[in-house]
Structures are given as C-alpha cells and as structure tokens.
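What follows is the residue order along each chain.
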Amino acid sequence: MGIQIDLDKCTGCGNCLPYCPFDLIEIVDEKAHIKDGCTLCGACQEACDYEAILIEVVAETAVISDTHYGIWVFAEQRNGQLKNVGYELLSKGRELANTLKTELCAVCFGYNINGVEQLTAYGADKVYLIDDPTLDNQQEDLYTGQLVKLIQEYRPEIVIAGATSFGRSFIPRVAAILKTGLTADCTGLEIDTERRLLLQTRPTFGGNVMATIICQTRRPQMSTVRPRVFKKNTPDKTRMGQIIKVDFNKEGITSRTKLINFIEDLTERVKLEDADIIVSGGRGLGKAENFQLLGELAAVMGAALGSSRPPVDDGWIPYSHQVGQTGKTVCPKLYVACGISGAVQHLAGMQTSDIIVAINDDPKAPIFEVATYGIVGDLFKVVPMLTEKLKNE
Amino acid sequence: MNVVVCLKQVPGITEVKIDPETNTLIREGIKNIVNPFDTYALEEGVRIKERYGGKVTTVTMGPPQAEEVLREAISLGADEAILFSDSAFAGADTLATAYTLATAINKIQEYDLIICGRQTVDGDTGQVGPELAEMLGIPFVAYVSKVEEIESDHMRIQRMVEDGHEAIETLLPAVITVVKEINVPRLPSLRGLAKAKSAAIPTWTAIELGVDENTVGLPGSATKVIKVFFPQRVHRGEILQGELGSQVESLLDNLREIKVI
C-alpha cells in the first residue's frame, strides 16, 4: 500500500521533483525519496520516464451494482423560482446521458415552484417533484434526508448539483450518508464509456492545478458544479417529459436548524451571476469611496458590480460581489476589470467571460494575459472617460 | 462550552506562480502554514471559550510535521491539541478524512461545538465539515459569519449566502464552518508561545482510534485522483496603443463592432 521507488529503475534524474504538488520528493543518494504526506495523486508517476515510481492501490474488489441507472440533476429553487444552475446542469447532463444511453432526471424540492416544465425543456426525461409547504425555505436537514431516501429508492448512477452555498452545504451530507464520493466545483465532466465512469475535473490549489477524479466502485458518483461553469442550451418547449409528483416522506426526518430571518444584501442591484456585463474593481481602486466611479460606469452600461478579493477583505464592498475561487464564478458577455492584477484565484472565477477588458497601470499585471483588450493606464482617468463617452451616446 | 477546532496544515501557495518554461509550480520560499480559513475557526473557538467558559481542543489529521499547526494553535489560545497521524491515513479523500475525524472526535467525547474553516486553500472542497457533521449525527451550518448567542442546548448564528445573510438557530452539539468575516484573529501572546513550546501533544494512530485500515486513507476513499495537470491559460491579450483618449475610443469601437455594447 502506498508509493514506492523502484531503486533499480530510478536514475536520480530529478525530473519528477517539480511535478509534486506538495514538494515531497527529494533526491537521496542519487535516488528519489518520497517524504511523509504523500496523497498518492500520481503526478510524479506520469513525469517519470523510467517507470520507477510505483503506486500500489489495493485492487478494487467491490462489484459495482449494475442496477444503478440514470443521471440526476438536483434543480435548486429559491422562493419558488428555479435557479439557472439547474438548467446549466441539465444541458450538460443531457450530453452525458446521451453518451451513456441512459435517462436524465431532474429532482426538485420546494413549494409552489414556478415553471417546473422548463426542466424538461432543458433536457430532463423525468422530473421528480416534491411540492410541500415544509420545503418552502431550504431546510437542509429535510432536503438531506429526503434526497437520500430518493437516491436509495431509485438508485441513479450519477448525481450532479449546483455548487451554490446551499448545494455546497447539504450535498456533502447526502454523500456522507450514502458513503459515496463527491467531487466539489467541477469544471469538466466527461464519460469514460468503457468503464462507465464519470471523469470529474476540478481546479485545486486555488486554481493553480487541475485534477481529474473518479469514483470507481461506489454509487452514485456525485459532483457539484458552480453556476455559470456550463452553458445552458436553448430550451426546447416541444420536448416531452414526465413530471412525477412524489409525496414528502417525513418519516425519520426532523429539522434541527431553524431559519429565523433573511437579511438581503441591498447593494447588489444587478445579480452578478445573471449579468451580461460586469464592471469589477480591485486593489487598484485604493479605497472604498472609489467604487463610486465603477458604480457610475456600471450604471451607464447596465452592468453588475464585481470585485476581486482584496476590496472585500478590506471591507470596501460586501462579499456578495466577490468574483473568484472563494467568490462567484461568472461568465458574462463582457467583463471589465479595473485595477485588478489578476491573481490566479480571481482568473479562476472570470476567465471564461466572452470578452475581457483590463484597465491597469502595471503593464506586467497577469490580467493582461487573459484580457481581450488591455488599456495600460490610470483607471482614475480611463474609467471616467468611458463613463462620459457612453453617457453621451 | 467545549469547542473542538479542526485545523489543516497546507502549503502556503496562494500566491504561487507557474514557471512558464517547465509548466510547474515555483515553490521557492513556500512554507507550510495553517489553512488561512482555519485561523478564523480557531479565533472564534477561543472567543467562545472566553465568553462562556470551557475549553478549546484543536485537532488535525496529517503527517508528523502537522504538529506544528497544533503548537501554533496553542500559542493562539487553544487549551489542548491532538494529532491524528498514521501512514494508513495517507491519500484520504474528504469522505475518509471526515470518517477519521469523526471517529477521533467521538473518542474525545466532550464537545458542544465543532468549528472548521469554510474550506482549505489546497483542496478547496469545503466538504469535510458537512461530512463530519453527518457522520457524528449532529446539525450542520456552513459559512457562519457571526455567533450571536449560545444557550445550553442551542445557539443563534448568522451565515452568509449568495445574496445576503441568514439568521439561524441550531441545536447543539453542532458542526459549523466559518468565513473570514467572522472575526480578526489575534496574534500569539508571549504566554501562549511559552505554553506552545512545552505543551504535550499526543498522537493518535489508527490503533488508538480503533479504525479498520480499509476505512481510512486511500483504501477508505471513494474518490481517486487519476490525473493532475496545469491549466492552460487562454492568451488573447491585445494591448491598445496610443494616447489614453484614443485607446478608450478604439476600445469602444471594438466593443460596438462585436455588439457587446
């Protein structure tokens, strides 16, 4: 069990050293030596030209039950409104279901949910719907218990959910009860058709490294995906699907947490995730008051206001505006980055935007590498000029 | 209030750069640190102890050198620390990690509240907290930004969601994960540093925990990393030239041409 170096094959070349994401390989007596802390990720194994690195994994003996069938998408709603992330996941799920030649089902819990038939228009063959007043606000204990019961009854082979704050909070609990694998914040989902496995690719180390992960023997295979990572298809209103109403099975499920009240963040006029244009500010703004400048530009463009991490850390703007690895993932038609240097954590949240404009006085700022158009200059001159010209149109 | 705070030792690589020649991480000067989000968990644990009495026990699962983060935690106000370390724990995914932590915390017995950071900066999953809660069979609240009031068997907290804050009441014991908005962590005190130096930190191995080796580490993991690679950045940069005024003009012309404005 574990990782071993074949001392006969190892030449001590050191090629594997920089590939270890944890810096755990050293050369001792002209041979590679693995220090404590190895997670057996296998990055070094691929880098070795001499097949000298052996990672011994206990042969998976558990037989996968072939009674697991179908791909499920958890379609989240809030206050009766379905979230876009559900449509995005159904669009991706449709692709995966076609490859696997299986059915695609949406699972939706809530009360008086609007437009459930939209779920079939975006690709679901079946919708399991639980409409019950007690599921009105997202009570995690109830959602966890009920989703587990449904999965145990219908045995899907794959379950995908949005990595919203709600999804990231209750989906891991579902996985823990089912004792199965869950991969967070996937940015790529593909099928290995030969082994019927879901290949789940996600950023790790703050977006510096990508990892592809499988869940070999346990079912269902579970993933979460952030909003705006996958594109939603055009809904097909003529698609036929079955809406199956399921009664809320309260047996053995009680809520131990209670929502007292919700305090809405009122500074967010246009929702970041739904915006076509985002004007975003970084450390280069210098102080909280300067967000006013961006606010004016955003207003004339009909844009949402975003931020990189430093302004949020310094309390210039609420967290709900943060774009990046620990904030939101966005994919607008136009992203205007003002005074943002472009740390990898920020890029991870916005680099798939259609058009990126960067305004920064440092020509070496990494943001210019991903920018479609870059202006090297003082944002305090450029931004008001933009606002003025757009206003006069 | 007996609080258990879960910590993780991570490489301090949040500002890491990629070497464009070899496409690998540049790691000069990289040290292991306490996962930044966990420092807020620790601070909140210590504040709760100061307000309501009790003690703070910090725990971590990791290689022997992970003991460093526990000593640091003691210097910052933790009362006790336990290291869960065994080569059998290596290669654990979030499920196996949560299982190991749950088994160990059950052995600690005396706990009213377990606090974790919202996620680690290396794995970035945020899954261990909720999985741990489920394995202990106790309530869970994520992204807590304020602890308002603690009563004997329940507490009132605020947590962050996408579009605002929710005030929530939860039964105790519970697991919470915290965001950085919750507090400003203190610096170590001289007394704390002295205490950290001499503190006895027990190590619990798989034997002490009484776990079957097939339920922890890589064999106990449901997921497996099969490939690690560096992301390709899309290089599309066109730096506009000329005077600022004409750059702004040409930017707007470009944007109009492709009809994004």
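Each remark here, short or long, concerns the structure printed above.
All of the points below concern the structure found in this document. (Residues numbered from 1 in each chain as written. Chains lettered and ligands numbered in written order. Predicted model: local features only at pLDDT ≥ 70, side-chain atom pairs only at ≥ 80, totals over all residues. Heavy atoms only, no water.)

## Looking at the overall build of chain B
Each helix and strand in chain B was counted, giving 7 helices and 15 strands. Summarising its shape, the C-alpha atoms of chain B cover approximately 70 × 40 × 40 Å along the three principal directions. Summarising the internal contacts of chain B: among those between residues at least 6 apart in sequence, 69% fall at separations of at least 24. Taken as a whole, chain B presents about 11100 Å² of accessible surface, with 51% of it coming from carbon and sulfur. Averaging the positions of the 25 positive and the 38 negative side-chain charges in chain B gives two centres separated by 3 Å. (Helix = DSSP H or I, 4+ residues; strand = E, 2+ residues; numbered from the N terminus. Contact = heavy atoms within 4.5 Å. Areas by Shrake-Rupley, 256 points an atom, 1.4 Å probe, with all protein chains shown as cover. Lys, Arg positive; Asp, Glu negative; His and termini not counted. Charge placed at Lys NZ, Arg CZ, Asp CG, Glu CD.)

## Looking at the overall build of chain A
The number of helices and strands found in chain A is 10 helices and 22 strands. Seen through its C-alpha atoms, chain A measures out along the principal axes to roughly 70 × 65 × 40 Å. Counting every position in chain A, which comprises 393 residues, the buried fraction comes to 60%. Taking as baseline every contact in chain A between residues at least 6 positions apart, the subset at least 24 positions apart corresponds to 64%. (Buried < 20%, exposed > 50% of the residue type's maximum accessible area, 1.4 Å probe, protein only.)

## Some points on the interface of chain A and chain B
Contact residues are listed per partner, giving 105 residues for chain A and 88 residues for chain B. Looking only at chain A, the three residues that lose the most surface to chain B are Asn208, Arg256 and Tyr373 of chain A, adding up to 8% of its buried area. Here arginine 78 of chain A and glutamate 166 of chain B are joined by a salt bridge, their closest N and O atoms 3.6 Å apart. Our count for the contact surface shared by chain A and chain B stands at 29 residue pairs in polar contact (both at pLDDT 80 or more). (Buried area = accessible area lost by both parts, 1.4 Å probe. Salt bridge = Lys/Arg side-chain N within 4 Å of Asp/Glu carboxyl O. Polar contact = N/O pair within 3.5 Å; in protein donor to acceptor, adjacent residues only side chain to side chain.)

## Focus on the pattern of salt bridges
Side chains carrying opposite charge are able to pair once their charged atoms draw close together. Counted by the stated rule, this structure contains 34 salt bridges over all chains. In this structure, arginine 195 of chain A engages aspartate 192 of chain A in a salt bridge whose closest nitrogen and oxygen atoms are separated by 3.0 Å. Its relative accessible area of 43% is what places arginine 195 of chain A among the partly exposed residues. In this structure aspartate 192 of chain A comes out as buried when scored by relative accessible area, which is 16%. For lysine 328 of chain A, the salt bridge identified is with glutamate 273 of chain A, shortest N-O distance 3.9 Å. A residue pair is termed long-range when its members are at least 10 positions apart, and lysine 328 of chain A in the loop between helix H7 (309-313) and strand S20 (334-338) and glutamate 273 of chain A in the loop between strand S17 (257-264) and strand S18 (277-281) qualify at 55 residues. Residues lysine 328 of chain A and glutamate 273 of chain A agree in their burial class; the two are buried. Connected via shared salt-bridge partners are Arg78, Glu140, Asp141, Arg173 and Arg256 of chain A together with Glu134, Arg159, Asp163 and Glu166 of chain B.

## Things to note about empty space enclosed by the protein
All names here are of chain A. With the rule as written, the count across this model stands at 4 cavities of 30 Å³ or more. Taken as a whole, the largest cavity spans an internal volume of roughly 110 Å³. Lining the largest cavity are 15 residues; nearest its centre among them are Ile3, Cys20, Cys38, Cys41 and Cys44. Each residue belonging to the lining of the largest cavity can be placed in one class, and the counts come to 13 nonpolar, 2 polar and no charged. Within this model, the second largest cavity holds a volume of roughly 90 Å³. Together, 13 residues line the second largest cavity, and Cys10, Cys13, Cys16, Ala32 and Cys48 are the ones closest to its centre. (1 Å grid on protein atoms, 1.4 Å probe; cavity = no way out; pocket = protein on both sides within 12 Å on 5 of 7 lines; lining within 4 Å. Points joined across faces, edges and corners; volume = space filled by probe spheres on them. Nonpolar A, V, L, I, M, F, W, Y, C, P; charged D, E, K, R; others polar.)

## Here we look at the pairing of strand S11 (residues 164-171) of chain B
One ladder, built from 7 bridges, connects S17 of chain A with S11 of chain B; its direction is antiparallel. Bridge pairing links threonine 257 of chain A to threonine 170 of chain B in S11 of chain B. Examined bridge by bridge, strand S10 (residues 154-161) of chain B and S11 of chain B share 8 bridges and lie antiparallel to one another. Across the sheet, the residue bridging to arginine 159 of chain B is glutamate 166 of chain B, located in S11 of chain B. The hairpin formed by S10 of chain B and S11 of chain B contains 2 residues between the paired strands. (Pairing = 2+ DSSP bridges.)

## Let's talk about the packing of helix H10 (residues 379-391) of chain A against helix H7 (residues 244-257) of chain B
Look at H10 of chain A against H7 of chain B: their axes get within 10 Å of each other, and the N-to-C directions meet at 50°. The orientation of H10 of chain A relative to H7 of chain B falls into the category oblique. Handedness of the H10 of chain A/H7 of chain B crossing: right-handed. Residue-level contacts link Lys381, Val382, Met385, Leu386, Lys389 and Leu390 of chain A of H10 of chain A to Leu244, Gly245, Val248, Glu249, Leu251 and Leu252 of chain B of H7 of chain B. Of the residues that constitute the contact of H10 of chain A with H7 of chain B, the class distribution is 8 nonpolar, 1 polar and 3 charged. (Axes fitted to C-alpha atoms, helices over the stretch in contact; angles between N-to-C directions. Parallel < 35°, antiparallel > 145°, perpendicular 65-115°, else oblique. Left-handed = near helix turned anticlockwise from the far one by under 90°.)

## Considerations on the state of the cysteines
Scanning the model with the defined rule gives 0 disulfides over all chains in all. Here cysteine 108 of chain A is not disulfide-linked; the sulfur of cysteine 105 of chain A is the nearest cysteine sulfur, at 13 Å. Just so you know, cysteine 6 of chain B is unpaired, no disulfide at all, and the nearest cysteine sulfur is the one on cysteine 116 of chain B, 4.0 Å from it. (Disulfide = S-S within 2.5 Å.)

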